[in-house]
Amino acid sequence: MDSFNRPISELKISQDKVESLVSEYIEERVSRCKHISRTTLGSKVHLRVTQAAAGLWLSARLMMDEIQRLPSPQSIARQLQDIPVGIAQLYQQIFSTMERSFSPLQLRLSQQIFLWIDMADFVRVGRRSLDRNLLDLVFQAENGGEEVFDSIDLARLLCSPLIELRQDENEKFKVEFVHHTAAQFVRMCDKERAFEIPRILKPQRLKALYRGNTSVWFFEKSPKSNLLLQELRSNPYMRNTAEYFEMAYGLWNAFFLEELPQSLDTDEIIAASGLCDKLTEFLLSGRCLKWIEMAIIINYAFGWINLHENAVEALDAAHDGISSPFPSFRRFSIARTQFFTDYTYVLSLTGPTDTWVEDPLPMPEGFNTRRVAAQLLSLGKQWTHLYDRLAYID
C-alpha cells in the first residue's frame, strides 16, 4: 500500500516527439495514396502537411482527408500552395472544397445535416444525437417529401470528413462531429462575420427558423406523424413516441425566438421572411392541430407540465418580438402572441400546469370568435379525462 503514497511523476511529451509522431502518421497516409506514393509529389505532400500541422494530429488528419479527395496531381499541387493556417482556416477550406462539387439539392441536404446535428442545442426532451430515423425525416422534408435511398450513406458522402458515423451499443448509427473544434466552427458561423461563411453553413444564423419549417412539414405532411397520432389516440400511454419530441422542439425553438440576429444580409432577410411567414400560416390556419393533439395526449396522459411551460415561454418571447424591425418577424410574433394566449388559457383549463397556476386563466378577449381557439379548446376538453384520471389516482 505504501506505493500509493509515493509522489506521482508528471508525464511530459516533448513537442519534438509529438511532431515526429504526427509526421510518421502523415507519411503512412501518403503511402496509402497509390497515385502519389513514392513520388516527388508525395514527398512534397508529406513535407508541407507536416509543417502546416505543427504537431496537431487533427489538422494532419483533415488535411490528408482533403488531399485524398482530390482528382489530379495538379489539384493536389494547388492545394499545397494554399495550405491553411490554423484550424478555423482549415475548416473554411474543407467546406469550400466540399460545396464546389455539390448540386443545388446536395447543398440543401448537407445544410440540413449541419442544422440538426447539434441536437443538444435545442432538444430538451428526447435524443441528444442525430440518428438514422431523424435523418430520414430531415432529408425527406428537404427532398420534397420523397424518401432517399440510404440517409446514412448520403450523410457520409455529403459531409465527410467533418462528421463521423458511430454505432452505439445497439448498433444504431449516430451522426456526430469528427471533433469538438468542428462543432465550435459551425457555431462560430452562427455569429461570426470576420470571415466568409461557407454556403453550407449560411443557414446557421436562422437555424431555429429552418428547423421549425422542417418540423412544420413533419406535423403537416409526414406519413409517420399520421401514424403516430392514430397510435396515440388508441393508446395514450404508449412510451414509444418515435420522433415526436425532436420535431416538437424543432418547432418550440422557433417559437422561443425573441428577435432575429443583427446584421442579416439581403439573402438572409429574404429567407427569414419566407420562413417566418410559413410558421405564421402554420399557427393561424389550424394546420398545427395535429401537433397540438399529439402534445396534449402525451403531456396530459403523464401529467407533464412541460407543455404549459413551453407555451408560456413562447408567449413571453412573442411579446418581445412584436417590436422587431423586420415586418415578417413582427407578423410572426403577433400571431404567436394570439395563439399562445389562447393555448395557455386552454391548458390552464383542461391540463397540467405549474403549481403557481391555481385557477384557470381568464378567457382571452375574442376567444369565441377565433376558429383555431375553439379547436384548441375542443381538443383540450376531448383529452382532459387523461389528466383528470391521473389527478384522481394521485
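The following paragraphs examine the structure supplied in this document.

Strand order in this open sheet of three strands is β1-β3-β2, and the pairing throughout is antiparallel. Across the chains shown, the open sheet's two edge strands, defined by having one partner strand only, are β1 (130–131) and β2 (163–167). In the sheet, β2 pairs with strand β3 (residues 173–177) via five bridges, with the strands oriented antiparallel. Looking at the pairing, Arg-166 lines up with Lys-174 of β3.

This part takes up the pattern of salt bridges. In the structure shown here, the tally under the stated rule is 27 salt bridges. Between Arg-132 and Asp-150 there is a salt bridge, with the nearest N and O atoms lying 3.1 Å from each other. Separated by 18 residues along the polypeptide, Arg-132 in helix α7 (residues 132–142) and Asp-150 in the loop between α7 and α8 (151–159) bring together distant segments of the chain. Here Arg-132 falls in the partly exposed class, since its relative accessible area comes to 30%.

The next thing to look at is helix α10 (residues 207–221). An ideal rise of 1.5 Å per residue puts 21 Å on 15 residues; α10 measures up with 21 Å between its terminal C-alpha atoms. Along α10, 12 of the 15 residues are buried, which leaves the element largely enclosed by surrounding structure. Of all the positions in α10, only Lys-207, Ala-208, Leu-209, Arg-211, Gly-212, Asn-213, Thr-214, Ser-215, Val-216, Trp-217, Phe-218 and Phe-219 are classed as buried.

The subject of this paragraph is helix α14 (residues 289–302). In an α-helix, one turn spans 3.6 residues; hence positions three or four apart end up facing the same way. Here α14 is 14 residues long and its end C-alpha atoms lie 20 Å apart, about the 20 Å a rise of 1.5 Å per residue gives. For α14, a buried count of 13 out of 14 residues is recorded, marking the element as mostly surrounded by other parts of the structure. Once α14 ends, the next one or two residues include Gly-303, with phi positive near 70 degrees.

Once that is clear, we can look at the pairing of β3. The side chains of a regular strand alternate between the sheet's two faces. Summarising the sheet, β1 and β3 pair through two bridges and their orientation is antiparallel. Looking across to β3, one finds that Asp-131 is bridged to Lys-174.

One can find Gln-106 in helix α6 (residues 104–116). Sequence separation of Gln-106 and Leu-154 is 48 residues, and the distance between their C-alpha atoms is 9.3 Å. When residues no more than four places from it in sequence are discounted, the contact partners of Gln-106 are Ser-101 and Leu-158.

Criteria and thresholds
Residues numbered from 1 in each chain as written. Predicted model: local features only at pLDDT ≥ 70, side-chain atom pairs only at ≥ 80, totals over all residues. Heavy atoms only, no water. Pairing = 2+ DSSP bridges. Helix = DSSP H or I, 4+ residues; strand = E, 2+ residues; numbered from the N terminus. Salt bridge = Lys/Arg side-chain N within 4 Å of Asp/Glu carboxyl O. Buried < 20%, exposed > 50% of the residue type's maximum accessible area, 1.4 Å probe, protein only. Expected span 1.5 Å × (residues − 1). Contact = heavy atoms within 4.5 Å.

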